[in-house]
Structures are given as C-alpha cells and as structure tokens.
Amino acid sequence: SRVSASRMRGRKASTPFSKRGSRVGGDSRRACALMALHLLKLAVGIENIGHLREVQARRLAENGSLCHVTRFMPRRAEQVLDGGSLFWVVRNFIRVRQRLLDLRVVKTDETGSSKCAFVLDPELVLTVPARRRPHQGWRYFEAGSAPPDLGGSIEEFGDMPAEMAAELRALGLL
C-alpha cells in the first residue's frame, strides 16, 4: 500500500542498512553482495566458455594481469567495484562471470586516447544460463537480475550447450 508524503512527515524512514552500508544485525559482506552492481558484456568472437578461457589464459601470460579494455569508464564505478562482477554473454546466453578487481584509465598506443580497462579476476565462475539479446558495449546489471552461480566446475559444465543446460535445469537435473 502507498503511504502519502504527508503521513511520512515527522517519521524517520526505516531502512535495513546502516549508514556504513552493512545490514543492521547481519553480515556486512552479504549486504554488499546484495547491493553490488554488475556489468554485462558480450564476448564477441568467443565460441564457448573453453574458448574464452583459452583467450584469457593467453592474455594473462602475455600481460601479467587480465584486463578487458573498453571505450568508456562506468560512472557508477564505486558501486561496481563494491563486489561487482563482469557477466559474459556467450552466444546469446549469460554463461560465466568474473569478479571485477579494478577499473583503470589506459591510453591506447594508436591514437593516445583514454579508455577503460576492466581488471578481472582470472577465475571464471559458471552461472545458470540466461538468454540475453545482443547489445553494444557493456551494460549495468543489477544484482537482482543476475543469474545464480551454477556451482559446478568449468570442467564439468563449461562447454555444455546453453540450450541443453536450460533443458536440464527445467527437468531439475542441474
């Protein structure tokens, strides 16, 4: 039910979070995870999770850290770095996520223009496959919309087609 503004005057609005952002009487890490803001990005040119893992392993070996360079810095960077992840869309399905460790401003060699580097945790965390339509660049992704982690290892489920995983999930087998 809606409460009018006049009825709310004089009352302090109750909130489940304290001023520091932790849940009153609860675990602050859980509260941060609930409030985390994630990013969603298409894995362009990637065939499957095994291919993503190979490309990232090569980049990690070449550069010493795992970065994905994109054009724009997120304006809500503080929220994204407070427990957020980068969710990868592979072949129209969200399949995997990586924790965002840092956001850096980098200069490109060709033009000298500023870009943003997403510094990623090398660990790929499988998620329950969720269909997503293609989009340009990255998008903010609210924690409430994020698919849950699958809970298995990449060796077990990594290259399973998304349609098969969705069917097995519907049958209660995943």
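Residues numbered from 1 in each chain as written. Predicted model: local features only at pLDDT ≥ 70, side-chain atom pairs only at ≥ 80, totals over all residues. Heavy atoms only, no water.

Let's talk about the pattern of salt bridges
In this structure the tally under the stated criterion is five salt bridges. For Glu47, the salt bridge is made with Arg91, and the minimal N-O distance between the two is 2.3 Å. With Glu47 in the loop between strand E1 (37–42) and helix H3 (49–63) and Arg91 in the loop between strand E3 (85–90) and strand E4 (93–107), the pair connects residues that are 44 residues apart, well separated along the chain. Here Arg97 and Asp149 are joined by a salt bridge, their closest N and O atoms 2.8 Å apart. In this pair, Arg97 is assigned in strand E4 and Asp149 in the loop between strand E7 (138–142) and helix H5 (154–157), connecting sequence segments 52 residues apart. (Salt bridge = Lys/Arg side-chain N within 4 Å of Asp/Glu carboxyl O. Helix = DSSP H or I, 4+ residues; strand = E, 2+ residues; numbered from the N terminus.)

Topic: the nonpolar core
Formed by 22 residues in total, the largest nonpolar core has its most connected members in Leu39, Leu86, Trp88, Leu100, Phe118 and Leu120. Ignoring any residue separated from it by four or fewer positions in sequence, one finds Leu100 in contact with Leu39, Val80, Leu81, Gly84, Ser85, Leu86, Phe118, Val119 and Leu120. With seven residues, the next largest nonpolar core counts Phe87, Ile94, Phe141 and Ala146 among its residues. (Core = buried A, V, L, I, M, F, W, Y, C linked by side-chain atoms within 4.5 Å. Buried < 20%, exposed > 50% of the residue type's maximum accessible area, 1.4 Å probe, protein only. Contact = heavy atoms within 4.5 Å.)

Quick notes on the pairing of strand E5 (residues 114–120)
The buried fraction of E5 is high, at five of seven residues. For strand E2 (residues 67–70) and E5, the ladder comprises four bridges, and the chain directions are antiparallel. Each bridged residue has a counterpart across the sheet, and for Thr70 the counterpart in E5 is Cys116. With seven bridges joining them, E4 and E5 adopt antiparallel strand pairing. Within the sheet, the bridge partner assigned to Leu103 lies in E5 and is Phe118. Taking the residues that link successive antiparallel strands as the turn, the E4-E5 hairpin has six residues, and the phi of Gly112 there is positive, at about 80°. (Pairing = 2+ DSSP bridges.)

Description of the environment of Gly83
Looking at where Gly83 falls in the secondary structure, it is placed in the loop between helix H4 (77–81) and E3. The exposure class assigned to Gly83 is partly exposed, which follows from its relative accessible area of 46%. In this structure the C-alpha to C-alpha distance between Gly83 and Arg99, which are 16 residues apart in sequence, comes to 7.4 Å. In this structure Gly83 touches Ala36 and His38, once residues within four positions along its chain are discounted.

Examining the packing of aromatic side chains
Working definition: an aromatic ring pair is given by the centre-to-centre distance plus the angle between the planes. What the rule picks out here adds up to three aromatic pairs. Geometrically, the ring pair formed by Phe118 and Trp138 is edge-to-face, given 6.4 Å between the ring centres and 70° between the ring planes. Here Phe118, found in strand E5, pairs with Trp138, found in strand E7; they are 20 residues apart in sequence, far enough to count as distant. Its relative accessible area of 0% is what places Phe118 among the buried residues. Take Trp138: its relative accessible area is 13%, and that puts it in the buried class. Aromatic pair Trp138 and Tyr140: ring centres 5.1 Å apart, planes at 80°, arrangement edge-to-face. Owing to a relative accessible area of 29%, Tyr140 belongs among the partly exposed residues under this scheme. Taken together through their ring pairs, the aromatic side chains of Phe118, Trp138 and Tyr140 make up a single cluster. (Phe/Tyr/Trp six-rings, centres within 6.5 Å; stacked < 30°, edge-to-face > 60°.)

Observations concerning the side chain of Gln98
With respect to the element layout, Gln98 can be found in strand E4. A polar atom in the side chain of Gln98 sits 2.7 Å from the side chain of Trp88. Beyond its immediate sequence surroundings of up to four residues, Gln98 is in contact with Gln56, Leu66, Ser85, Leu86, Trp88, Leu120, Asp121, Pro122, Glu123 and Leu124. (Polar contact = N/O pair within 3.5 Å; in protein donor to acceptor, adjacent residues only side chain to side chain.)

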